[in-house]
Amino acid sequence: MFLIYKKSVLLLSICFLFSCFPEQIEKNLQGNDSELVIIENITILNSRSVTIQDLSYGENSQQTFDIYLPDERSSNTTKVIVLIHGGSWISGDKSAMEDLIPILQNANPHHAIVNMNYVLSNDNTHAFPNQFYNISTLLDELCTRSTEFQINPEFALIGRSAGGHLALMYDSVYDELDRVKMVCTLSGPTDFTNSFYTDKPNFESLFDKLVDVDAYPPNQNLVRKLSPALRVNWDTSPTIIFHGKEDNIVPVANAKKLKRKLKKKDIPKRLFRFDGEG
């Protein structure tokens, strides 16, 4: 039941949010009733749909992406939805997000979809900030090839679990060119200062393995610095939050905290809580 509900709400939310002009976003997110906004295409290229898999966007073999290009795409109107998988930053693959692709395609037939892999953390490679830079490198690649792909390089990021964390952090902290226009997190962690994490006996050692401390200025509170709810600012994009009420991996308090921080900055947002785990 949750899977059907989540996917239905997700496709509607993305469809009427990311398809809108910026001035329409806040109205759509804050209202009680959702309605599909249809933007009339101005320039349409006579192009057939195409799927290209395992394209490279970097030197590491894990830096690959699949791209799903729609019919009649246009460099003026074909925006891009980027999917970011989960896996605790140390595992996972873009194949885990493939269940969302046909749903998003049906709801957003004029959008391109990109499903990305990123370099996983291990004993030799830290997750942070490297995985944020992976997103930036991918967006650079898509912008460089926008004419080839016939896409408009404006992006929505949808991340699941750890991918939700990466999407939120990238948008608020690393998107200096303002290429991301909205974010959707599916049960992503947002506040590592929560006692749910800090009270775990191995929290500090696990966190240290994920973080390249040399990449950050000294004497920084990196637990706070890497908590996206605590990095919300005036440039943060409109955000959709999904979270399970009985999630035992990421506490629902994280979703509520993110919503409060977004509200404080008057960022358009919507929180969907559902029965069950994330």
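Residues numbered from 1 in each chain as written. Predicted model: local features only at pLDDT ≥ 70, side-chain atom pairs only at ≥ 80, totals over all residues. Heavy atoms only, no water.

**Focus: the sheet that holds strand β6 (residues 180-186)**
Spatial ordering of the open sheet is given by β1-β2-β4-β3-β5-β6-β7-β8, a layout of eight strands whose pairing is mixed. At either margin of the open sheet sits one strand with a lone partner, and together these are β1 (50-56) and β8 (269-274). Averaged over all pairs of adjacent strands, the angle between their axes in this sheet comes to 15°, without regard to strand direction. Relative to β6, strand β5 (residues 155-160) is paired through six bridges, and the arrangement is parallel. Residue pairing in the sheet places Ile-158 in a bridge with Cys-184 of β6. Running at roughly 145° to β5, helix α6 (residues 162-174) makes contact with β3 (80-84), β5, β6 and β7 (239-244) of the sheet. (Pairing = 2+ DSSP bridges. Helix = DSSP H or I, 4+ residues; strand = E, 2+ residues; numbered from the N terminus. Axes fitted to C-alpha atoms, helices over the stretch in contact; angles between N-to-C directions. Contact = heavy atoms within 4.5 Å.)

**Here we look at the pairing of β6**
Extensive coverage of β6 is indicated by the burial of six of its seven residues. Two strands pair when backbone bridges link them, and β6 and β7 are joined in this way by four bridges, in the parallel orientation. Bridging from a neighbouring strand, Val-183 pairs with Thr-239 of β7. (Buried < 20%, exposed > 50% of the residue type's maximum accessible area, 1.4 Å probe, protein only.)

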